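Descriptive structure summary
Next come the chains, spelled out residue by residue.
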Amino acid sequence: GWAAAIATLRDQLGALLRGHGLEPEPSDANFVFVRAAAGLRDALAEHGVLVRDTESFGAPGGVRIAVPDDEGLQRLDTALRRARR
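This text gives an overview of the structure that appears in the document. From a predicted model like this one, the values you see are computed outputs, not experimental measurements.

**Some details on the overall build of the protein**
Regarding its fold elements, the protein presents 3 helices and 3 strands. What you see for the protein is a C-alpha radius of gyration of 12 Å, in line with the 12 Å of a compact globule of 85 residues. A principal-axis box enclosing the C-alpha atoms of the protein has dimensions of 35 × 30 × 20 Å. Here the protein holds 85 residues, and 36% of them are scored as buried. Split by element, the accessible area of the protein, about 5,300 Å² in all, is 47% carbon and sulfur.

**Brief notes about the sheet that holds strand S1 (residues 31-34)**
Strands in a sheet are paired, the pairing made by backbone hydrogen bonds, and the direction either parallel or antiparallel. Strands sit in the order S1-S3-S2 across an open sheet of 3 strands; the sheet is antiparallel. Both outer strands of the open sheet, S1 and strand S2 (52-53), are each paired with one neighbouring strand and no more. Bridge analysis of S1 against strand S3 (residues 63-66) gives 4 bridges, and the strand direction is antiparallel. Counted as the bridge partner of Val 32 is Ile 65 from S3. Those strands touched by helix H1 (residues 2-19) are S1 and S3, and its axis lies near 25° from that of S1.

**Examining the pattern of salt bridges**
Scanning all chains against the criterion turns up 2 salt bridges. Glu 25 is paired through a salt bridge with Arg 35; the nearest N and O atoms lie 3.3 Å apart. Remark: Arg 35 occurs in the loop between S1 and helix H2 (40-45) and Glu 25 occurs in the loop between H1 and S1; sequence separation between them is 10 residues. The exposure class assigned to Glu 25 is partly exposed, which follows from its relative accessible area of 31%. The class for Arg 35 is partly exposed, based on a relative accessible area of 48%.

**Considerations on helix H3 (residues 70-83)**
Counted at 1.5 Å a residue, the expected span for H3 with its 14 residues is 20 Å, and the 20 Å between its end C-alpha atoms agrees. Its side-chain oxygen placed 3.2 Å from the backbone nitrogen of Glu 71, Asp 69 serves as the N-cap of H3.

**Looking at the nonpolar core**
Within the largest apolar cluster, 19 residues are counted, with the highest numbers of intra-cluster contacts made by Leu 13, Leu 17, Leu 44, Ile 65, Leu 76 and Leu 80. For this core, the secondary-structure elements that each account for two or more residues are H1, S1, H2, S3 and H3. Other than its neighbours up to four places away in sequence, Leu 17 contacts Leu 22, Pro 24, Val 32, Val 34, Ile 65, Leu 76 and Leu 80.

**As for the side chain of Arg 10**
Checked against the element boundaries, Arg 10 lands in helix H1. Comment: no salt bridge for buried Arg 10; closest opposite-charge side chain is Asp 28, at 4.4 Å. Within polar-contact distance, the side chain of Arg 10 engages the backbone oxygen of Ser 27 at 3.0 Å. If we ignore the near neighbours within four places in the chain, the residues touching Arg 10 are Ser 27, Asp 28, Ala 29, Phe 31, Val 32 and Val 67.

The rules behind each value
- Residues numbered from 1 in each chain as written.
- Predicted model: local features only at pLDDT ≥ 70, side-chain atom pairs only at ≥ 80, totals over all residues.
- Heavy atoms only, no water.
- Helix = DSSP H or I, 4+ residues; strand = E, 2+ residues; numbered from the N terminus.
- Rg over C-alpha atoms; globule rule 2.2 N^0.38 Å.
- Buried < 20%, exposed > 50% of the residue type's maximum accessible area, 1.4 Å probe, protein only.
- Areas by Shrake-Rupley, 256 points an atom, 1.4 Å probe, with all protein chains shown as cover.
- Pairing = 2+ DSSP bridges.
- Contact = heavy atoms within 4.5 Å.
- Axes fitted to C-alpha atoms, helices over the stretch in contact; angles between N-to-C directions.
- Salt bridge = Lys/Arg side-chain N within 4 Å of Asp/Glu carboxyl O.
- Expected span 1.5 Å × (residues − 1).
- Polar contact = N/O pair within 3.5 Å; in protein donor to acceptor, adjacent residues only side chain to side chain.
- Core = buried A, V, L, I, M, F, W, Y, C linked by side-chain atoms within 4.5 Å.
- Lys, Arg positive; Asp, Glu negative; His and termini not counted.

Below is the structure:
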């Protein structure tokens, strides 16, 4: 079902982020939270990927990344490679 599909995509998202040197927090939601990500939101936006900053949650320097579909994972991977050069 839906929950299983989200869990699989969330696991793939976590692995992708860790592969780029980021440390997502454990999550059961349809998003993940990365605390130490200062500048990442702006860097990704330059490559057409929007993520939410977490300053309003009392966690400056972090981002919240919604679990994307397979195409979104590929877009995020490409944007991270370009942004973190």
